[in-house]
Amino acid sequence: MSEEVRTREVLPRFEVLAKTRDEHGENWGRYVRLTDPDGVPHFFVIPAAMLASNGGDLCKLLLSKGAEIPAWTPEFRERLLECVLANDLETTVLCTDKCGWHGNVYVLPDHSIRTETDQQVLFQSGFETAHNSADRGSLSDWRENVGRACSGNPVLVFSVSAAFAALAMNFSSALTVVFHLVGPTSTGKTTAGIVAGSICGGGGQNGNTRQWKATLNGLEAVCTSYRDSILVLDDIEQSGSHVVISFVYLIANEKGASRMTTTLRLQRTSEWRLMAISSGEKTLAEHSAWSGTPVRGGAGVRFIEISANQGTISGIVSDLHGYGTPREFIQGTRANALRYFGTPRTEFVKMLQAMRDPARILRDKESEFFKANSKKSFTEEEERVLSSFA
């Protein structure tokens, strides 16, 4: 009896497709397909370690994907575990617990972007990963309704450029940096972040953006999930200065804290490389002075502050693109960025995958930027900041 027939007999519309393992030959699992009652297929990885207990975690995962489990009895659980752990699968797929680039494959929590000749690489985690990396609409939809609004509005142009740059960092020497948009309320800072985030995904209440209101450990987890992508953090005033300042150094370090397992073994340290756009009404120095937390040296090259109030009309707005007022422009652009998203990332990644030598092309572009913005000499800090813009 085939694996497909056997699993369908135990649980309708459920199929085990392949074994999975990481590049170290560890963290084995099963790649499965579950079709929910609406007929929508869900592809995901079940870590084998999840099956070590009584199967309760597996039951929760399957139910969350739309499985119709008749009754979680010992007999049903035993049959389901037997099917999932079957060893007669011929295909083994590489998995990883890190999003972003893996060779020529770009891995996302729910799918991977690859060419026909690339080996499949799947995201596998021991827990459900919250993400806003979906696509909606077509690339033309995004261009006409979101991209067009950026033309003539420098803050928006810069924001989407940072998002595209984040996707290409794997092929360059660029280091992680935070660009902080500073300005009074109602200037369009949040909208600029939502537009930038729409390059790489969306679907949340504020699109593909996060709030500054989080613990340091929480922000570290966020960085890991936005590896090789754009991270947008809105409203710096929500977070305490000690968290903000510690995070500035943490994110620039591109590596999380060292931790041990319950058996006193060292866990693999989380790593990332990304571009981040922050926003708020205060500069880092003002935020620090307000709470009395000192800012250590070098913060200026890790946390680069840019005025959001650069529009010739109001706030971020220089070109209304047919809207009657700056407020209407900001509201309309925000609504469109929440409606169409993700496809620019998908198409840009495919373009990078098709390039013969993207690293050389990016080096040449960076050199051109330095020549166009050069002066006789730079301090080390000035050169690092200029490199971030390049």
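Further up the page is the structure itself.
Keep in mind it's a predicted model, so treat the numbers as computed, not measured. Along each chain, the written sequence defines residue order, and numbers are assigned to residues from 1. It should be noted that, the model being predicted, local features are given only for residues of pLDDT at least 70 and side-chain atom pairs only at 80 or more, the latter also being counted only at that level, while totals for whole chains, interfaces and linings use all residues. Derived side-chain values reflect all non-hydrogen atoms in the structure, with water molecules and hydrogen atoms excluded from consideration.

**Observations regarding the overall build of the protein**
In DSSP terms, a helix is any run of H or I states spanning at least four residues, a strand is any run of E spanning at least two, and both are numbered starting from the N terminus. A count of helices and strands for the protein gives 14 helices and 13 strands. In terms of overall size, the protein behaves like a compact globule, its C-alpha atoms giving a radius of gyration of 23 Å where 390 residues would be expected to give roughly 21 Å. Each principal axis of the C-alpha atoms in the protein carries an extent, and together these give about 70 × 50 × 45 Å. Partly exposed residues are those whose accessible area sits between 20% and 50% of the maximum for their type, while under 20% is buried and over 50% is exposed, using a 1.4 Å probe and protein chains only. When burial is assessed residue by residue, the protein has 46% of its 390 residues classed as buried. C-alpha atoms define the radius of gyration in this analysis, and the globule rule sets the expected value at 2.2 Å times the number of residues to the power 0.38.

**Focus on helix H12 (residues 343-354)**
Helix span, expected: 1.5 Å multiplied by one less than the number of residues in the helix. Compared with the 16 Å implied by 1.5 Å per residue over twelve residues, the 17 Å span of H12 between its first and last C-alpha is a close match. Residues of H12 that are buried include every one of Thr343, Pro344, Arg345, Thr346, Phe348, Val349, Leu352 and Gln353, and no others.

**Details of the side chain of Glu220**
Summarising the element assignment, Glu220 is placed in helix H7 (residues 216-225). Taking the relative accessible area as the measure of exposure, Glu220 reaches 6% and is therefore buried. When checking whether two residues touch, look at their non-hydrogen atoms; a contact exists if any pair is within 4.5 Å. Apart from the residues lying within four places of it in its own chain, the contact partners of Glu220 are Leu250, Gly256, Ala257, Arg259, Ser270 and Trp272.

**Quick notes on the pairing of strand E2 (residues 29-35)**
Across a regular strand the side chains alternate sides, sitting on one face of the sheet and then on the other. Extensive coverage of E2 is indicated by the burial of six of its seven residues. DSSP-based pairing: two strands are paired if at least 2 bridges between them are found. As defined by bridge partners, strand E1 (residues 14-21) adjoins E2 across six bridges and the pair is classed as antiparallel. Bridge pairing in E2 links Ala18 to Tyr31. When E2 meets strand E3 (residues 41-47), the two strands line up antiparallel, connected through seven bridges. When the sheet's bridge partners are listed, Leu34 is paired in E3 with His42. The antiparallel hairpin formed by E2 and E3 contains five residues in its connecting segment, where Gly39 sits at a positive phi of about 85 degrees.

**Re the packing of helix H5 (residues 154-168) against helix H6 (residues 189-198)**
Every axis in this analysis is a line fitted to C-alpha atoms, fitted for helices over the stretch in contact. Angles between the N-to-C directions lie between 0 and 180 degrees. Put simply, H5 and H6 touch, their axes get as near as 8 Å, and they point 35 degrees apart. As for the relative orientation of H5 and H6, their crossing is right-handed in sense. Where H5 approaches H6, its residues Val155, Leu156, Ser159, Val160 and Ala163 are matched on the opposing element by Ala192, Val195 and Ala196. Taken together, the residues that form the contact of H5 with H6 break down as seven nonpolar, one polar and no charged. The sense of a crossing depends on the near helix, which, turned anticlockwise from the far helix by less than a right angle, makes the crossing left-handed and, turned clockwise, makes it right-handed. The nonpolar class holds Ala, Val, Leu, Ile, Met, Phe, Trp, Tyr, Cys and Pro. Asp, Glu, Lys and Arg form the charged class, and all remaining residues, Gly among them, are polar.

**Comments concerning the environment of Val177**
Turning to its location among the elements, Val177 is positioned in strand E9 (residues 177-182). The class for Val177 is buried, based on a relative accessible area of 2%. For the pair formed by Val177 and Arg273, sequence separation is 96 residues and the distance between their alpha carbons is 8.8 Å. In contact with Val177, not counting residues within four places along its chain, are Leu274, Met275, Ala276, Val301, Arg302, Ile304 and Ser388.

**As for the sheet that holds E1**
Taking strand neighbours across the sheet as the criterion, the five strands line up as E3-E2-E1-E4-E8 in an open arrangement whose pairing is mixed. The open sheet terminates on both sides in strands that have one partner only, identified here as E3 and strand E8 (121-123). Strand-to-strand twist across the sheet, computed as the mean angle between neighbouring axes with direction ignored, equals 40 degrees. Sheet topology places E1 next to strand E4 (residues 92-96); three bridges connect them, and they run parallel. The partner of Thr20 across the bridge, within E4, is Val93. Contacting E1, E2 and E3, helix H2 (residues 56-64) crosses the sheet at an angle of about 165 degrees to E3.

**Quick look at the packing of aromatic side chains**
Aromatic contacts are taken between Phe, Tyr and Trp rings whose centres are within 6.5 Å, Trp giving its six-membered ring; a plane angle under 30 degrees counts as stacked, one over 60 as edge-to-face, and the others as tilted. Summed over all chains, the structure comprises seven aromatic pairs. Where Trp101 meets Tyr106, the ring centres are 5.3 Å apart and the plane angle is 80 degrees; that geometry is what we call edge-to-face. Each member of the pair, Trp101 as well as Tyr106, carries the same accessibility label: buried. Seen from their ring centres, Trp101 and Phe171 are 5.0 Å apart, and the 75 degrees between their planes marks the pair as edge-to-face.

**A look at the environment of Thr209**
Within the secondary structure, Thr209 sits in the loop between H6 and strand E10 (210-211). Look at Thr209 and you get buried, because its relative accessible area is 13%. Between the C-alpha atom of Thr209 and that of Gly197, which follows or precedes it by twelve residues, the distance is 6.1 Å. Not counting chain neighbours up to four residues away, the residues in contact with Thr209 comprise Gly193, Ile194 and Val232. Each polar contact in these results corresponds to two N or O atoms within 3.5 Å; when the atoms are within protein, one needs to be able to donate a hydrogen and the other to accept it, and residues that are neighboring in sequence are counted only if both atoms are side-chain atoms. One polar contact links the side chain of Thr209 to the main-chain carbonyl oxygen of Asn206, over a distance of 2.8 Å.

**Structural notes on unusual backbone geometry**
The phi angle at Asp228 is positive, at roughly 60 degrees, despite the residue not being glycine. Mapped onto the fold, Asp228 is located in the loop between H7 and strand E11 (230-234). We classify Asp228 as buried; its relative accessible area is 3%. For His321, which is not glycine, the phi torsion reads 50 degrees and is therefore positive. Within the secondary structure, His321 sits in the loop between strand E13 (303-307) and helix H11 (326-339). Exposure remark for His321: the relative accessible area of 30% places this residue in the partly exposed category.

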